[in-house]
Amino acid sequence: MSKLYFALAVLFAIAIFAVRSDETPSEQCPGEEFDNLHERIQVLPCGKSRCKLRKGTNTTVVFKFKPKNVVNELTNDVYAIIGGLPLPFVGVAGVSACTQIKHADTGESAPCPLEPNKEYVYTNVFPILDVYPQVALRVHWALRDGNTDVVCFEVPAVITAAAKKN
Ligand SMILES: *[C@@H]1O[C@H](CO)[C@@H](O)[C@H](O)[C@H]1NC(C)=O
């Protein structure tokens, strides 16, 4: 009996590990609440407790979202928070996101305006520049229509040194 419970406990632990190992540790933005962030957000590469952003590599951000209202214009509102101060990622912050959206079901590009209650996928790839400071930070990622966040999440991260060149 106890052996069976032990085996079940081990299987359960392995199952949890397998499910969680490629999950991004995404969190809600302060004062906001979006459904199923954990299943919807992927930052690659990442770690279990925070994403490791290595200088000289690209980071890929992919996430699904479902607008509640018609979205006419969508802007990337993206920055890293370092000791309370924002650092904008070069080439991302303030840029229109309308060209980065696809329909979740067909994979076809979805130019703005976006329809309410439809599932869309957003993809962005951006470089981790050598000039960025090597520190722990929080990545704040929102897509905004005017002053409203259509989706928003934050991810704990750390910028690490570039891989040694041979
Ligand atoms: C990062 O992405 C850019 C643009 O797609 C590409 O030119 C570059 O080779 C990539 N860098 C790495 C290290 O993968």
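Look above for the structure.
These numbers were taken from a predicted model, which means no experiment stands behind them.

Trainee: Explain the state of the cysteines to me, please; I cannot follow it from the model alone.
Mentor: Should the sulfur atoms of two cysteines be covalently bonded, the bond is a disulfide. In the structure shown here, the tally under the stated rule is three disulfides. A sulfur-sulfur distance of 2.0 Å marks the disulfide that ties Cys46 to Cys51. Measuring the twist about the S-S bond at about -75 degrees, one finds the Cys46-Cys51 disulfide to be left-handed. Residue classification places Cys46 among the partly exposed positions, given a relative accessible area of 28%. Residue class for Cys51 comes out buried when judged on its relative accessible area of 1%. Each sulfur in the disulfide pair Cys98 and Cys112 lies 1.9 Å from the other. Taking the torsion about the S-S bond as the criterion, the Cys98 to Cys112 disulfide, at about -95 degrees, is left-handed. With Cys98 in the loop between strand E5 (85-88) and strand E6 (101-103) and Cys112 in the loop between E6 and strand E7 (120-127), this residue pair connects regions lying 14 residues apart in the sequence.

Trainee: Before we go on, may I ask you to explain the pairing of strand E3 (residues 58-65) in this structure?
Mentor: Residues in a regular strand project their side chains so that they alternate between the two faces of the sheet. Residues Thr59, Val61, Phe63 and Phe65 of E3 are buried on one face, while the alternating residues Asn58, Thr60, Val62 and Lys64, pointing to the opposite face, are not. In this sheet, E7 lies alongside E3 in antiparallel orientation, the contact comprising eight bridges. Bridge pairing links Asn58 to Pro127 in E7.

Trainee: Please explain the side chain of Glu23 as it appears in this structure.
Mentor: Positionally, Glu23 belongs in the loop between helix H1 (2-20) and helix H2 (37-40). Here His38 takes part through its side chain, which lies 3.3 Å from a polar atom of the side chain of Glu23. Ignoring any residue separated from it by four or fewer positions in sequence, one finds Glu23 in contact with His38 and Gly47.

Trainee: Please explain the sheet that holds E5 as it appears in this structure.
Mentor: Pairing between sheet strands relies on hydrogen bonds along the backbone, with the strands arranged either parallel or antiparallel. Spatially, five strands are ordered E2-E9-E8-E4-E5 in an open sheet, and the strand pairing comes out mixed. In this open sheet, the two strands that pair with only one neighbour each are strand E2 (51-54) and E5. Within this sheet the neighbouring strands show an average axis-to-axis angle of 40 degrees, counted without direction. In the sheet, strand E8 (residues 136-145) pairs with strand E9 (residues 148-160) via ten bridges, with the strands oriented antiparallel. Across the sheet, Ala142 pairs through a bridge with Cys152, a residue of E9.

Trainee: What exactly am I supposed to notice about the packing of aromatic side chains here?
Mentor: Given two aromatic rings, their pairing is described by the distance between the two centres and the angle made by the two planes. Applying the stated criterion to the full structure yields eight aromatic pairs. When the centroid spacing of 5.2 Å and the interplanar angle of 80 degrees are considered together, the rings of Phe63 and Phe153 count as edge-to-face. Of this pair, Phe63 sits in strand E3 while Phe153 sits in strand E9, and the two are 90 residues apart along the sequence. Taking relative accessible area as the criterion, Phe63 reaches 1% and is therefore assigned buried. Where Tyr122 meets Trp141, the ring centres are 6.1 Å apart and the plane angle is 70 degrees; that geometry is what we call edge-to-face. Taken together, the residues span a long stretch of sequence, with Tyr122 in strand E7 and Trp141 in strand E8 at a distance of 19 residues. Residue class for Tyr122 comes out buried when judged on its relative accessible area of 0%. One aromatic cluster in this structure is built from Phe63, Phe65, Phe89, Tyr120, Tyr122, Phe126, Tyr132, Trp141 and Phe153.

Calculation rules
Numbering of residues begins from 1 in every chain and follows the order in which that chain's sequence is written. Per-residue local features are limited, in this predicted model, to residues with pLDDT of at least 70; the limit for side-chain atom pairs, both in listing and counting, is 80 or more; totals at the level of whole chains, interfaces and linings are taken over all residues. As a rule here, side-chain values come from all non-hydrogen atoms in the structure, and water together with hydrogens is ignored. When two cysteine sulfur atoms lie within 2.5 Å, the pair is treated as a disulfide. Under the scheme applied here, a residue whose accessible area is under 20% of the maximum for its type counts as buried, over 50% as exposed, and between as partly exposed, the area being computed with a 1.4 Å probe on protein chains only. To qualify as a helix, a DSSP run of H or I must reach at least 4 residues; to qualify as a strand, a run of E must reach at least 2; elements of each kind are numbered from the N terminus. Pairing between strands requires that DSSP locate at least two bridges from one strand to the other. Any N or O atom pair separated by 3.5 Å or less is treated as a polar contact, with the protein-specific requirement of one donor-capable and one acceptor-capable atom, and with residues adjacent in sequence counted only for side-chain atom pairs. Working rule for contacts: check all heavy atoms of both residues, and any pair within 4.5 Å makes them a contact. With axes taken as lines fitted to C-alpha atoms, and helix axes fitted only over the stretch in contact, angles between N-to-C directions fall between 0 and 180 degrees. Working definition: rings of Phe, Tyr and Trp (its six-membered ring) pair if their centres are within 6.5 Å, and the pair is stacked with planes under 30 degrees apart, edge-to-face with planes over 60 apart, and tilted otherwise.

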